[in-house]
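Architecture at a glance
What follows is the residue order along each chain.
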Amino acid sequence: MNAMRCRYESEMIRALRAGALSESLIEHQKGCADCRDAVVVAQALQRDAGDLAVRHTPLPSAQVWAAAERYRRMAALERAARFVFALKIAGLIYTAVLVLWGMRALAAHGLVLPGLNAGSLNATITGAGLAVLFVGGGLWYALRRDERVAG
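Reading the values: rules and limits
- Residues numbered from 1 in each chain as written.
- Predicted model: local features only at pLDDT ≥ 70, side-chain atom pairs only at ≥ 80, totals over all residues.
- Heavy atoms only, no water.
- Helix = DSSP H or I, 4+ residues; strand = E, 2+ residues; numbered from the N terminus.
- Buried < 20%, exposed > 50% of the residue type's maximum accessible area, 1.4 Å probe, protein only.
- Contact = heavy atoms within 4.5 Å.
- Areas by Shrake-Rupley, 256 points an atom, 1.4 Å probe, with all protein chains shown as cover.
- Arc of directions from axis to C-beta.
- Salt bridge = Lys/Arg side-chain N within 4 Å of Asp/Glu carboxyl O.
- Axes fitted to C-alpha atoms, helices over the stretch in contact; angles between N-to-C directions.
- Parallel < 35°, antiparallel > 145°, perpendicular 65-115°, else oblique.
- Left-handed = near helix turned anticlockwise from the far one by under 90°.
- Nonpolar A, V, L, I, M, F, W, Y, C, P; charged D, E, K, R; others polar.
- Patch = residues over 30% accessible without salt bridge, like charges linked within 9 Å, V, L, I, M, F, W, Y side chains within 5 Å.
- Core = buried A, V, L, I, M, F, W, Y, C linked by side-chain atoms within 4.5 Å.

Once that is clear, we can look at the overall build of the chain. Helices and strands together make up the secondary structure of the chain, namely 5 helices and 0 strands. Ordered by position from the N terminus, the helices and strands of the chain form the series α-α-α-α-α. Considering the chain as a whole, with its 151 residues, one finds that 17% of them fall into the buried category. Summarising the internal contacts of the chain: among those between residues at least 6 apart in sequence, 52% fall at separations of at least 24. A total of about 11800 Å² of accessible surface is found on the chain, and carbon and sulfur atoms cover 65% of it.

Turning our eyes to something else, we now look at helix α1 (residues 9-18). Listed as buried for α1 are E9, M12, A15 and L16. End-on, the buried residues of α1 take up no more than an arc of 130°, which puts them together on one face. Within α1, the exposed residues directed more than 90 degrees away from the buried face are R14, R17 and A18. Of the residues flanking the end of α1, it is G19, one or two places downstream, whose phi is positive at about 80°.

In the structure shown here, the tally under the stated rule is 2 salt bridges. With its nearest N and O atoms 3.6 Å apart, the salt bridge here joins E27 to K30. With E27 and K30 both in helix α2 (residues 23-31), this residue pair falls 3 residues apart, about one helical turn. Take K30: its relative accessible area is 57%, and that puts it in the exposed class. Residue E69 is joined to R72 by a salt bridge in which the shortest nitrogen-to-oxygen separation is 3.2 Å. With a gap of 3 residues between them, E69 and R72 both fall in helix α4 (residues 61-108), about one helical turn apart. You can call R72 partly exposed: its relative accessible area is 28%.

Right, let's get into the packing of α1 against α2. The geometry of α1 relative to α2 is characterised by a closest axis approach of 11 Å and an angle of 125° between their N-to-C directions. The pairing of α1 with α2 is recorded here as oblique in orientation. Here α1 runs over α2; the crossing is left-handed. Each of E11, M12 and A15 in α1 lies in contact with α2, whose residues at this interface are L25, H28 and Q29. Looking at the contact of α1 with α2 residue by residue, the class counts come to 3 nonpolar, 2 polar and 1 charged.

Turning our attention to a nonpolar patch on the surface. A contiguous nonpolar patch, built from F85, I89, L92 and I93 and spanning about 430 Å² of accessible area, is present on the exposed surface. Among the structural elements, I89 can be located in helix α4.

A few words now on the nonpolar core. Side chains that are nonpolar tend, in soluble globular proteins, to be buried together. Residues C6, M12, A15, L16, L25, C32, C35, V39 and A42 constitute the largest nonpolar core, which totals 9 residues. Taken together, the elements giving at least two residues each to this core come down to α1 and α3 (33-55). Leaving out residues up to four positions away in the same chain, L16 has contacts with L21, V39, A42, Q43 and Q46.

By themselves, these are just geometric observations and shouldn't be taken as functional.
So, in structure tokens, the structure goes:
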């Protein structure tokens, strides 16, 4: 920062910013090169500041908040899409387990696959229970509402 060479320079800039140059300051400015230079620089800076304020006005807070909400919803949708894909895979596994269980039940009546025994029936029922548990847990996570507080 440069030291002011004239004792009226800061007063001149302050009056220029307020828009109220007194007659004595105007007379002083005519005879003082430092004050004339300071006024020229101050006016250029005020013009630039006015141009920047028009071009770089921040967005309204409602618009920023809406964009943040859109981003939050899109992130939640992306998370849900991943879990829906996992649920599809779990559904396929669950279907396969139920088919095996059904074949075992039919085999008990002598209709198909007599090679299935009681041990495989236990495994089939356990697998079906786990599949129900995992599919239910995935559905809960995918369908729950995201209620986190921002900020």
